[in-house]
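# Per-entry structural report
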Amino acid sequence: MLAGELSIVVDETLPSLLAPIFAEFLRQFPDFCLHVTTVDKAPDLSAHDANVTIFANGQPPGELVGRRIARIAWALYGSDRKSTPNRRDRPMGDDNASERLPDEQPARRRVILSRAGKGTSDGVVYKASTLLGLAAAVEGGVGLGALPCYLGDLRPGLVRLSAPEFNSATDLWLLTCPDLGRSARVRQFVDFVAVELSRLRPLFEGEGMRV
C-alpha cells in the first residue's frame, strides 16, 4: 500500500470544505500524512515545497497541470440580521454588475457596498484584502458584497440577494507540477480528492446545496 507525506497548498477559503475530504482520505489510507498550508494568493508549489494545490480564484500558473473541478458562481450577499438598515432597498437583478460580481481586479480586493446612504459618493464604506474578511464584514452588517456562492451559502449569517453568475477567472482547480503528477502517491491523492470535490459541484456552481 502507498504511504508517505504529502504537502498540500489550499486556498484560504477552502479548509472547512476540504477537512472532511482529507479525513476520509486518511481513514482509507492511514499510512499517509498530509501537511496542509493555506494561502491567500496564486499558488506557488516551489515556495512551499508542495505536491498539490487546490486553488479557487484566478487562473493558475502556467507551469502547473491538473483539473478544473468546477466553475465558481458569485452572487450578492447581505447580513440576515434584522437590524441591518436598508439591506433590500435596491431590487436585485439590476444592470449595475460591478456592484454584484467580481471585476477584473484581483479576486482578493472586493468591496462591501453600503445600501444605507453612508460612506463615499459611490457607496463604498469598507474594503477588505481577503474574501474571508469581506464575508465576515457582510455578515456583521457593514453592507452588501459579492462573494463566491460556496463561501456565502455556507455562512449562517448571510442571505443571498441575487441570482448566481459566473466569472471565467474564478474556477476551482486541483493542480500539481508535471513531474510530481507522475508520482503514484500524488496520483492516488489527486484522484481521490477530485471525486470528492466533484460531489460538491452544485455548491461551487451556486445551486444552493448545503453541506
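Higher on the page you've got the structure.
About the criteria used
Residues numbered from 1 in each chain as written. Predicted model: local features only at pLDDT ≥ 70, side-chain atom pairs only at ≥ 80, totals over all residues. Heavy atoms only, no water. Salt bridge = Lys/Arg side-chain N within 4 Å of Asp/Glu carboxyl O. Helix = DSSP H or I, 4+ residues; strand = E, 2+ residues; numbered from the N terminus. Buried < 20%, exposed > 50% of the residue type's maximum accessible area, 1.4 Å probe, protein only. Contact = heavy atoms within 4.5 Å. Core = buried A, V, L, I, M, F, W, Y, C linked by side-chain atoms within 4.5 Å. Patch = residues over 30% accessible without salt bridge, like charges linked within 9 Å, V, L, I, M, F, W, Y side chains within 5 Å. Areas by Shrake-Rupley, 256 points an atom, 1.4 Å probe, with all protein chains shown as cover. Axes fitted to C-alpha atoms, helices over the stretch in contact; angles between N-to-C directions. Parallel < 35°, antiparallel > 145°, perpendicular 65-115°, else oblique. Left-handed = near helix turned anticlockwise from the far one by under 90°. Nonpolar A, V, L, I, M, F, W, Y, C, P; charged D, E, K, R; others polar. Pairing = 2+ DSSP bridges.

Once that is clear, we can look at the pattern of salt bridges. Enumeration over the complete set of coordinates arrives at six salt bridges. Two residues, Arg 27 and Glu 24, come together in a salt bridge whose shortest N-O distance is 2.7 Å. In this pair, Arg 27 and Glu 24 both sit in helix H1 (residues 15–28), three residues apart, roughly one turn of the helix. Glu 24 sits in the partly exposed class, given a relative accessible area of 25%. For the salt bridge of Arg 68 with Asp 171, the shortest nitrogen-to-oxygen distance reads 3.3 Å. Of this pair, Arg 68 sits in strand E4 (residues 65–79) while Asp 171 sits in strand E9 (residues 165–176); the two residues are 103 residues apart in sequence, bridging distant segments of the chain. Judged by relative accessible area, Asp 171 falls into the buried class, the value being 5%.

With that settled, the discussion passes to the environment of Phe 166. For Phe 166, the position within the fold is in strand E9. The class for Phe 166 is partly exposed, based on a relative accessible area of 34%. When the C-alpha atoms of Phe 166 and Trp 74 are compared, they prove to be 6.0 Å apart, with 92 residues separating the residues in sequence. Leave out the neighbours within four places in its chain, and Phe 166 touches Arg 71, Ile 72, Ala 73 and Glu 205.

Ile 54 and Leu 197 are the most contacted members of the largest nonpolar core, which has 45 residues in total. Non-local contacts of Ile 54, meaning those with residues more than four positions away in its chain, are made with Ile 8, Val 9, Val 10, Asp 11, Leu 14, Leu 18, Phe 22, Leu 172, Trp 173, Leu 174, Val 193 and Leu 197.

So, about a nonpolar patch on the surface. Where nonpolar side chains cluster on the molecular surface, the patch consists of Val 125, Tyr 126 and Val 142 and spans about 210 Å² of accessible area. Looking at the element boundaries, Tyr 126 is found in strand E6 (residues 124–127).

Glancing now at the packing of H1 against helix H5 (residues 184–198). With their axes 10 Å apart at the nearest point, H1 and H5 run at an angle of 135° to one another. When the axes of H1 and H5 are compared, the pair comes out oblique. Seen from above, H1 lies across H5 with right-handed handedness. Of the residues in H5, those in contact with Leu 18, Ile 21, Phe 22, Glu 24, Phe 25 and Gln 28 of H1 are Gln 188, Phe 189, Phe 192, Val 193, Glu 196 and Leu 197. Grouping the constituent residues of the contact of H1 with H5 by class yields eight nonpolar, two polar and two charged.

This brings us to the side chain of Asp 153. Within the element layout of this structure, Asp 153 appears in the loop between helix H4 (149–152) and strand E8 (158–160). We classify Asp 153 as buried; its relative accessible area is 5%.

Turning to helix H3 (residues 131–139), a few remarks are in order. The periodicity of an α-helix, 3.6 residues per turn, causes residues three or four positions apart to be oriented the same way. Listed in full, the buried residues belonging to H3 are Leu 131, Leu 134, Ala 135, Ala 137, Val 138 and Glu 139. Note on H3: the residue one or two positions beyond its end, Gly 141, has a positive phi of about 100°.

The next thing to look at is the pairing of strand E7 (residues 144–148). Counting buried residues in E7 gives five out of five residues, a clear majority hidden from the surface. Alternating positions in E7 separate into two faces, Leu 144, Ala 146 and Pro 148 on one and Gly 145 and Leu 147 on the other, with burial throughout. With four bridges connecting them, E4 and E7 associate as antiparallel partners. Pairing of Tyr 77 across the sheet is with Gly 145, part of E7.

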